[in-house]
Amino acid sequence: MIITTCPVCLNDKTELSPVVFEIKVTDEERYLIRKCQNCHHNFTWFNHEVDIRSYYDDKDYAVQDTKKSIFFKIQEIEYNQVLKKIKSFKPLPSDILDFGSGKGLFLHFAKENGFGVKGIESSVPRANYAIEHFNLDINTDYYKSGSVFNKKFDILTLFHVLEHIHLSENLLGNLLKDNLKEDGLLVVEVPNFDSWQAKWAGNKWLHLDVPRHISHFTPQVLKTLIQSHGFQIKTASYFSLHLGIVGMIQTIFSWFGYKGFLIAELKRKKTILLILGLLCALPFAILLEITAASFKKGGIIRYYAIK
Ligand SMILES: [Zn+2]
């Protein structure tokens with residue numbers, strides 16, 4: 001595929017849109033991040049053919065069993081906070097459809113909290129992990145339109161999904177129209193391109209993740225997109241215990257010349273140098289990220305919206 005159309009407003013006259021960053025993945029592979037002149041959305045722009053799917057098969061995205069790792073515990077704490085907030089809008093009994101449910105961690109904790117849960121995940125290895133480890137009901141069809149489970153849900157969640165997809169086929173609109181109740185709650189989380197960690201790391205920001213990430217949302221663009229589907233933002237959060245802190249650690253590392261992809265390195269063999277670096281950076285990363293989030297400049301944007 002090539003991407004020369006703005007994923008949000010579908011403006012296709014983007015050849016002259018300002019270039020925010022140039023990113024070199026290999027010598028042959030270069031990507032631009034352009035800012036759409038029409039809607040101000042920042043997106044990954046390339047006019048050479050790229051097989052994006054192959055990027056999801058590589059080792060950085062390999063499915064690993066993390067149930068015994070510290071990340072599992074951190075995500076449990078984080079998701080339980082999110083579920084508490086969801087309950088304040090939609091008390092039990094209520095049900096959740098998680099689009100892009102990955103390995104099913106969020107749905108697993110939601111189920112433990114008493115929610116009815118279903119997931120959509122087109123990556124079969126990830127969906128299988130969710131089915132085998134957490135006994136979840138996951139649909140693996142590539143979603144375009146229509147109702148997936150022949151019912152409408154009280155809550156629709158999309159965690160770190162929208163940055164991966166092009167919205168040209170009105171995917172979000174179709175999903176909302178046919179799968180969420182009229183008074184349903186929409187929860188969306190994406191990386192925050194307007195965050196301090198993004199600004200400070202520049203083209204080395206962890207969550208740029210080009211070319212897997214097509215969209216690089218600011219709070220304003222994401223708000224406008226959600227409002228365009230008739231929803232109003234009720235609450236926002238800019239703090240993520242795992243993705244926010246890990247993103248800030250990579251930003252700090254980038255000041256010392258680090259050019260790697262920290263999530264992948266944490267999955268691979270951890271070296272003494274990496275562990276020492278993490279221990280040194282962690283207190284600063286926590287402090288900086290909490291401060292950033294209090295100014296709405298944390299590494300993620302999480303919106304809770306209803307009609
Ligand atoms: Zn645009």
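Here the structure is a predicted model, which is why all the values come from computation and not from measurement.

A. Broad picture of the overall build of the protein chain. If you tally the helices and strands in the protein chain, you get 10 helices and 11 strands. Over its C-alpha trace the protein chain gives a radius of gyration of 19 Å, about what one expects of a compact globule, namely 19 Å for 307 residues. A total of 307 residues make up the protein chain; the buried ones form 52% of that total. Put simply, of all contacts in the protein chain between residues at least 6 apart along the chain, 72% involve residues at least 24 apart.

B. Spotlight on the nonpolar core. The biggest cluster of nonpolar side chains holds 32 residues, and the ones touching the most others in it are F99, L156, L158, L162, L186 and L222. Mapped onto this core, the elements with two or more residues apiece are β4 (95–99), β7 (153–159), α5 (171–179), β8 (180–191), α7 (219–227) and β11 (300–306). Not counting residues within four places of it along the chain, the set of residues in contact with F99 comprises I120, Y143, L156, T157, L158, F159, V161, L171 and L175. In this structure, A130, F159, L185 and V187 belong to the second largest nonpolar core, which totals 24 residues.

C. Region of interest: unusual backbone geometry. The amide bond that connects L92 to the next residue, P93, takes the cis arrangement and shows omega of 0 degrees. Mapped onto the elements, P93 comes out in the loop between α2 (70–89) and β4. In this model, V210 is joined to P211 through a cis peptide bond whose omega is 0 degrees. Looking at the element boundaries, P211 is found in the loop between α6 (196–201) and β9 (215–216). Of note, the phi angle at N150 is positive, near 55 degrees, even though the residue is not glycine. The topology assignment puts N150 in the loop between β6 (138–139) and β7. Despite not being glycine, N170 has its phi angle at roughly 55 degrees, a positive value. Here N170 shows up in the loop between β7 and α5.

The rules behind the values
- Residues numbered from 1 in each chain as written.
- Predicted model: local features only at pLDDT ≥ 70, side-chain atom pairs only at ≥ 80, totals over all residues.
- Heavy atoms only, no water.
- Helix = DSSP H or I, 4+ residues; strand = E, 2+ residues; numbered from the N terminus.
- Rg over C-alpha atoms; globule rule 2.2 N^0.38 Å.
- Buried < 20%, exposed > 50% of the residue type's maximum accessible area, 1.4 Å probe, protein only.
- Contact = heavy atoms within 4.5 Å.
- Core = buried A, V, L, I, M, F, W, Y, C linked by side-chain atoms within 4.5 Å.

None of this, on its own, says anything about what the molecule does.
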